[in-house]
Amino acid sequence: MALFAYPKNEACIVTLEAEDGSVGHGYAAAFPHLGATQDGVAQAIDHICGRLIGNNALAIENSLMTVRASIKNNHAAKSGIDCALHDLAANLLGVPLHQLFGGKVRDRIPLMRILAIKSPADMAKRARALVDEGYRYIKLKVAGDLQEDVDRVRAVRQACGDDIGITVDPNQSYKANAAVRFSTRIEEFGVDLIEQPVREEDLLGLAHVTANTGIPIEADESASTPKQLMDLVRTRSIDAVSLKVSKSGGLRNVQTMARLCELNHLGCRMGATVGSQLLAAQALHLTACLPNLDYACELAEFKHLLDDPFEGLTVSDGFIEVPEEVGSGVRRRVGETRASNMSI
């Protein structure tokens, strides 16, 4: 991506156990560009979880009040605990996780796959390979070099044909005026979305790009919390939001943000769930319950992961199936304790 290259994927797995021996797992991804390190996440989890001992395992909101009051920021740690609480409750109740969010409205979700920054020709080759596997939506990472980024988009469109949905993600690498020029240059290639073109704190720039381009603009880092999203809603600074469980502190906050988008006529989708199948499964269950998430979601990036500690999700012909097993629908690999690495 434009800001960082990650040779490995670091995270902490949170396991909560009830008195009857039932367990719930959560995956706390540690991404430095989101302000999280593995050591910091682990310390926060230890600090927070000590305060949850003795709580009613089914009183999720009560436990989340404790989580929110225990520490500021560190959304990654909070998201891992939030997901573990929901997974534990679903296992105790003997229901699929999606039942905790009102039940699913769809059985499978169309997938968007991410292309890491490479040369235009290499990205086009990789995009074509994904299309040949059955994926119908592609997201290109770009780097802030206008001409080379235009060449990347052109090459991918030519390789994939006109029927493939394309999103472009500069990862905050453009200034506002340059982002407008970039958007104008790539309109001819039928791009569906441009995700977070400017720095997350540049809200005026984000609004400027949104007002001066024909391609919908999607916020990612600028909309990490419900409060940040409401600020963008008030100023009509965006067209859509990329929702992420790790970024926003858990499933409950993402559900709130999706409802805010629905009420304010903004597009939204589940963004990159980079990490284990555990994280993807829990984001998938929530996605299946939200009627306004009708665009392709990034729920298959675990395909890059070597030595994933969890397994069980099914991807077929560009879609991912919503599990019907009790809990999150994935299982921990027997004897799996090693760190997991990424292969991009």
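Figured I'd write up the structure that's included with this text. Because the structure is a prediction, the values reported are computed rather than measured.

As a further point, take unusual backbone geometry. Phi at Gln196 takes a positive value of approximately 40°, unusual for a residue other than glycine. If you trace the backbone, Gln196 turns up in the loop between β7 (191-195) and α7 (203-211). The phi dihedral of Arg236 falls on the positive side, at around 50°, and the residue is not glycine. Among the structural elements, Arg236 can be located in the loop between α8 (226-235) and β9 (240-243).

Look at helix α1 (residues 38-49) against helix α3 (residues 75-93): their axes get within 8 Å of each other, and the N-to-C directions meet at 50°. Overall, the two elements α1 and α3 adopt an arrangement that is oblique. Crossing of α1 over α3 shows right-handed handedness. Between α1 and α3, the residues in contact are Val41, Ala44, Ile45, Ile48 and Cys49 and Ala76, Ala77, Lys78 and Ile81, respectively.

Once that is clear, we can look at the packing of aromatic side chains. If you walk through the whole model with that rule in mind, you get two aromatic pairs. Considering the side-chain rings of Tyr137 and Tyr295, the 5.1 Å spacing of their centres and the 75° angle between planes classify their relative orientation as edge-to-face. Of the two residues, Tyr137 sits in strand β5 (residues 137-141) while Tyr295 sits in the loop between α11 (277-287) and β11 (305-306), which places them 158 residues apart along the sequence. Judged by centre distance (5.0 Å) and plane angle (15°), the ring pair of Tyr174 and Phe182 falls under stacked. Taking the ring centre of Phe319 as reference, the NZ or CZ of Arg108 above it sits at 3.7 Å. Over the ring of Tyr135 we find Arg113, and its NZ or CZ is 5.0 Å from the ring centre.

To continue, consider the pattern of salt bridges. Between side chains of opposite charge, a pair can form as their charged atoms come close. Under the criterion given, the structure shown has 26 salt bridges. The salt bridge partner of Glu61 is Arg68, with a shortest N-O separation of 2.8 Å. Look at Glu61 and you get partly exposed, because its relative accessible area is 34%. For the salt bridge of Asp231 with Arg234, the shortest nitrogen-to-oxygen distance reads 2.1 Å. Of this pair, Asp231 and Arg234 both sit in helix α8, three residues apart, which is roughly one turn of that helix. Judged by relative accessible area, which is 25%, Asp231 ranks as partly exposed. Exposure remark for Arg234: the relative accessible area of 58% places this residue in the exposed category. A network of salt bridges, in which partner residues are shared, links Lys139, Lys141, Asp169, Glu195, Glu218, Arg269 and Glu298.

The next point concerns the side chain of Glu218. By the element assignment, Glu218 lies in strand β8 (residues 217-219). A polar contact is formed between the side chain of Glu218 and the side chain of Arg269, at a distance of 2.9 Å.

On to the sheet that holds β9. Read from one edge of the open sheet, seven strands run β4-β5-β6-β7-β8-β9-β10, paired in parallel fashion. Both outer strands of the open sheet, β4 (112-115) and β10 (267-270), are each paired with one neighbouring strand and no more. Recorded for the sheet is a direction-independent mean angle of 25° between the axes of neighbouring strands. With two bridges joining them, β8 and β9 adopt parallel strand pairing. When the bridges of β9 are listed, Glu218 appears paired with Ala240.

What follows concerns the state of the cysteines. Here the structure, examined in full by the defined rule, presents zero disulfides. Among the cysteines around Cys12, which has no disulfide bond, Cys49 carries the closest sulfur, lying 11 Å off. With no disulfide of its own, Cys261 has Cys268 as its nearest cysteine by sulfur position, at a separation of 4.3 Å.

The pairing of strands in a sheet comes from backbone hydrogen bonds and takes either a parallel or an antiparallel form. One open sheet accounts for three strands, arranged β3-β14-β13; its pairing is antiparallel. Two strands bound the open sheet, and with one partner strand each, they are β3 (108-110) and β13 (315-316). In this sheet, strand β14 (residues 319-321) lies alongside β3 in antiparallel orientation, the contact comprising three bridges. Pairing of Arg108 across the sheet is with Glu321, part of β14.

Calculation notes
- Every chain's residues receive numbers from 1 upward, in the order its sequence appears when written.
- Since the coordinates come from a predicted model, pLDDT governs what is reported: local features require at least 70, and pairs of side-chain atoms require 80 or more to be given and counted, while whole-chain, interface and lining totals use all residues.
- By convention in this description, side-chain values take in all heavy atoms of the structure and omit both hydrogens and water.
- Helix and strand labels come from DSSP, where a helix needs a run of H or I of at least four residues and a strand needs a run of E of at least two; each type is numbered from the N terminus.
- Axis lines are fitted through C-alpha atoms, for helices just across the contact stretch, and the angle between N-to-C directions can take any value from 0 to 180 degrees.
- Roughly parallel means an angle under 35 degrees; roughly antiparallel, over 145; roughly perpendicular, 65 to 115; everything else is oblique.
- Throughout, a crossing is termed right-handed when the near helix is turned clockwise from the far one, and left-handed when it is turned anticlockwise from it by less than a right angle.
- Throughout, a residue-residue contact means that at least one pair of heavy atoms, one from each residue, lies within 4.5 Å.
- Here a pair means two rings of Phe, Tyr or Trp (six-membered ring of Trp) with centres within 6.5 Å. Their orientation is stacked below 30 degrees between planes, edge-to-face above 60, and tilted elsewhere.
- Definition used: whenever NZ (Lys) or CZ (Arg) falls within 6 Å of the ring centre and also within 35 degrees of the ring normal, the charge is taken to sit over that ring.
- Throughout this description, the term salt bridge denotes a Lys or Arg side-chain nitrogen within 4 Å of a carboxyl oxygen of Asp or Glu.
- The cut-offs for exposure are 20% and 50% of the maximum accessible area for each residue type, with area from a 1.4 Å probe on protein chains only; residues under the lower value are buried, those over the upper are exposed, and the others partly exposed.
- Polar contact criterion, stated in full: a pair of N or O atoms within 3.5 Å, where within protein one must be able to donate a hydrogen and the other to accept it, and residues adjacent in sequence count only if both atoms are side-chain atoms.
- Two strands qualify as a pair provided DSSP detects at least 2 bridges between them.
- Cysteine sulfur atoms are paired as a disulfide whenever they fall within 2.5 Å.

Interpretation note: all reported values are geometric properties and have no functional meaning in isolation.
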